[in-house]
Each structure stands twice: as C-alpha cells, then as structure tokens.
Amino acid sequence: MNPWYYLLIAGLLETGWAVGLKYTHGFTRLWPSLGTAAALVASMVFLALAVRELPIGTAYPVWVGIGAVGAAGFGIAFLGEPASALRLAFLALLIVAIVGLKWAGSAA
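Keep in mind that what you see is a predicted model, and the values were worked out from it rather than measured.

Caption draft 1: Focus on the overall build of the protein chain. Summing up its helical and strand segments, the protein chain has four helices and zero strands in all. Starting at the N terminus and ending at the C terminus, the protein chain contains elements arranged as α-α-α-α. Here the C-alpha coordinates of the protein chain stretch approximately 45 × 35 × 20 Å along the principal axes. Among the 108 residues that make up the protein chain, the fraction classed as buried is 29%.

Caption draft 2: Region of interest: the confidence of the model for the protein chain. Predicted confidence across the protein chain gives a mean pLDDT of 95, with 97% of residues reaching 70 or more. Within the protein chain, helix 2 (residues 30-50) carries the highest mean pLDDT (98), whereas helix 4 (residues 85-107) carries the lowest (90).

Caption draft 3: Seen up close, the pattern of salt bridges. Taken as a whole and judged by the stated rule, the model has one salt bridge. Ionic pairing is found between Arg87 and Glu81, a salt bridge with its closest N-O pair at 3.3 Å. Residue Arg87 is classed as partly exposed on the basis of its relative accessible area, which comes to 26%. Residue classification places Glu81 among the partly exposed residues on the basis of a relative accessible area of 31%.

Caption draft 4: View of the UniProt feature "transmembrane region" (unreviewed entry) in the protein chain. The feature "transmembrane region" (unreviewed entry), as annotated in UniProt, sits at residues 34-51, 58-79 and 85-104 in this numbering. End C-alpha to end C-alpha, residues 34-51 measures 26 Å, and it is 94% helix and 0% strand. For the annotated span residues 58-79, helix accounts for 95% and strand for 0% of the residues, and the straight-line distance between the end C-alpha atoms is 30 Å.

Caption draft 5: Region of the structure containing a nonpolar patch on the surface. A cluster of nonpolar side chains, namely Met1, Tyr5 and Ile9, defines an oily patch on the protein surface of about 330 Å² accessible area. Counting through the fold element by element, Met1 comes out in the segment before helix 1 (3-24). For Met1, a relative accessible area of 62% gives the class exposed.

Caption draft 6: Representation of the layout of surface pockets in the model. Taken as a whole, the largest pocket spans an internal volume of roughly 180 Å³. Along its surface, the largest pocket is lined by Trp4, Tyr5, Leu7, Leu8, Val62, Gly65, Ile66, Val69, Ile95, Ile98, Val99 and Lys102.

Rules used throughout
- Residues numbered from 1 in each chain as written.
- Predicted model: local features only at pLDDT ≥ 70, side-chain atom pairs only at ≥ 80, totals over all residues.
- Heavy atoms only, no water.
- Helix = DSSP H or I, 4+ residues; strand = E, 2+ residues; numbered from the N terminus.
- Buried < 20%, exposed > 50% of the residue type's maximum accessible area, 1.4 Å probe, protein only.
- pLDDT = per-residue confidence, 0-100.
- Salt bridge = Lys/Arg side-chain N within 4 Å of Asp/Glu carboxyl O.
- UniProt positions renumbered as here; feature names shortened; annotations may be inferred.
- Patch = residues over 30% accessible without salt bridge, like charges linked within 9 Å, V, L, I, M, F, W, Y side chains within 5 Å.
- Areas by Shrake-Rupley, 256 points an atom, 1.4 Å probe, with all protein chains shown as cover.
- 1 Å grid on protein atoms, 1.4 Å probe; cavity = no way out; pocket = protein on both sides within 12 Å on 5 of 7 lines; lining within 4 Å.
- Points joined across faces, edges and corners; volume = space filled by probe spheres on them.

What follows is the structure in structure tokens.
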C-alpha cells in the first residue's frame, strides 16, 4: 500500500484519539478511554508503517497537521468552538503546509 495512505489513516486516527480525550473525562470513563487508547495505538501503528518509506521529517509533521486540523475542525463543527476568520486562516495555513510537505516529499 502507498505509504501516504498509511499516513492519512494515521492522521485521521490521531484526530480520533485527540477528540476522544475530551470524552474520557480524564480517563474516568471506561468506554471512551478504551476507544481513545485503541485509536492512539492504531494511529502509531499506521505512522510506523508510513515511516518505513517516508522520511520522518515529512511524515511526522503531516501526521500532526492532519490531527490538528481534524481536531480543530471537529471542535468547530460539533463542540461550538469559535470559527473566527483568523482561526480559519491559520487552519488553512496548516492545510497548505500539509499539502506542501506531501508535494515536496513526492518531488524528492
């Protein structure tokens, strides 16, 4: 499988465990805590698969960026977090950085 697909899956799972932390209530709720832990482990596994072929200096920031944009987007869409123009502009910059790293990694 293409390592970029592994990285995309890892990033989406990172979004899942980051959002899941909100629902664990400090790891005092069993099922949300187990789901969050499972997403964390799976995210790391897919990241590890991706870095077998991708440079860590590319894969790690892309993974973090996908998780950050996903968690922020979830917060805006479902948790009533602010969606100011400035906040959205900086999220757009993260997306540009993710795409840029992918493009630069493919060009190397």
